[in-house]
Amino acid sequence: MTSLDATDRAILDELRRDARTSMTAIADAVHISRAGAHARIKRLTDAGVITGYTVRTDPVQLGHHASAYVMLAIEQASWVEVQARLRAIPEVEHMALVGGDFDVILLVRASDARDLRRIVLEDIQAVPSIRSTRTTLIFEDFTRD
């Protein structure tokens, strides 16, 4: 896709606020027809700009009272294998390959501190090719609407 115009961006903002918003509400919000909104969303989806729809949840309401960012240093040639193993750990909510002092950053959600310790020391550090970890506790977080 070459570029997004202001209307495309406005549609994406509406969907980010609430992915369940009706086509009519989106069209009204961005001042286009319902058919125009539908066509643009289809084009954005077909082009891979929209990759799916999701729901935001409150981690504490789900029983995750301990959260942390876990930074990993890995053997460089092992990313594909490490990524596959980390994806299999259900408490890993987000994973990013990054540049800097560490190679990977994970967002981990756990029921409590003891569970977080288990995940880091037994699950994550058991993955071959992980050279070191550094864990930073999250005291409070939010997601931008």
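Above this text you will find the structure in question.
Residues numbered from 1 in each chain as written. Predicted model: local features only at pLDDT ≥ 70, side-chain atom pairs only at ≥ 80, totals over all residues. Heavy atoms only, no water.

1. A word on the sheet that holds strand β2 (residues 92-97)
At step 1: Spatially, β2-β3-β1-β4 is the arrangement adopted by the four strands of the open sheet, whose pairing is antiparallel. Here the strands that pair on one side only, and so sit at the sheet edges, are β2 and β4 (130-138). Across the sheet, the mean angle separating the axes of adjacent strands is 20° when strand polarity is ignored.
At step 2: Pairing between strand β1 (residues 66-74) and β4: eight bridges, direction antiparallel. Of the residues in β4, the one forming a bridge with isoleucine 74 is isoleucine 130.
At step 3: Those strands touched by helix α4 (residues 79-87) are β1, β2, β3 (104-110) and β4, and its axis lies near 165° from that of β2.
At step 4: Of the strands in this sheet, β1, β3 and β4 are in contact with helix α5 (residues 113-124), which crosses β3 at around 140°. (Pairing = 2+ DSSP bridges. Helix = DSSP H or I, 4+ residues; strand = E, 2+ residues; numbered from the N terminus. Axes fitted to C-alpha atoms, helices over the stretch in contact; angles between N-to-C directions. Contact = heavy atoms within 4.5 Å.)

2. Regarding the environment of glycine 100
At step 1: Positionally, glycine 100 belongs in the loop between β2 and β3.
At step 2: With relative accessibility at 63%, the residue glycine 100 sits in the exposed group. (Buried < 20%, exposed > 50% of the residue type's maximum accessible area, 1.4 Å probe, protein only.)

3. Regarding the pattern of salt bridges
At step 1: This model, assessed by the stated rule, comprises 11 salt bridges.
At step 2: The salt bridge partner of lysine 42 is aspartate 46, with a shortest N-O separation of 2.7 Å. One end of the pair, lysine 42, and the other, aspartate 46, are both in helix α3 (residues 34-46), four residues apart, so they sit about a helical turn from each other.
At step 3: Look at lysine 42 and you get partly exposed, because its relative accessible area is 46%.
At step 4: By relative accessible area, aspartate 46 is classed as exposed at 57%.
At step 5: By sharing partners, the salt bridges in this structure join Asp5, Asp8, Arg40 and Arg43 into a single network. (Salt bridge = Lys/Arg side-chain N within 4 Å of Asp/Glu carboxyl O.)

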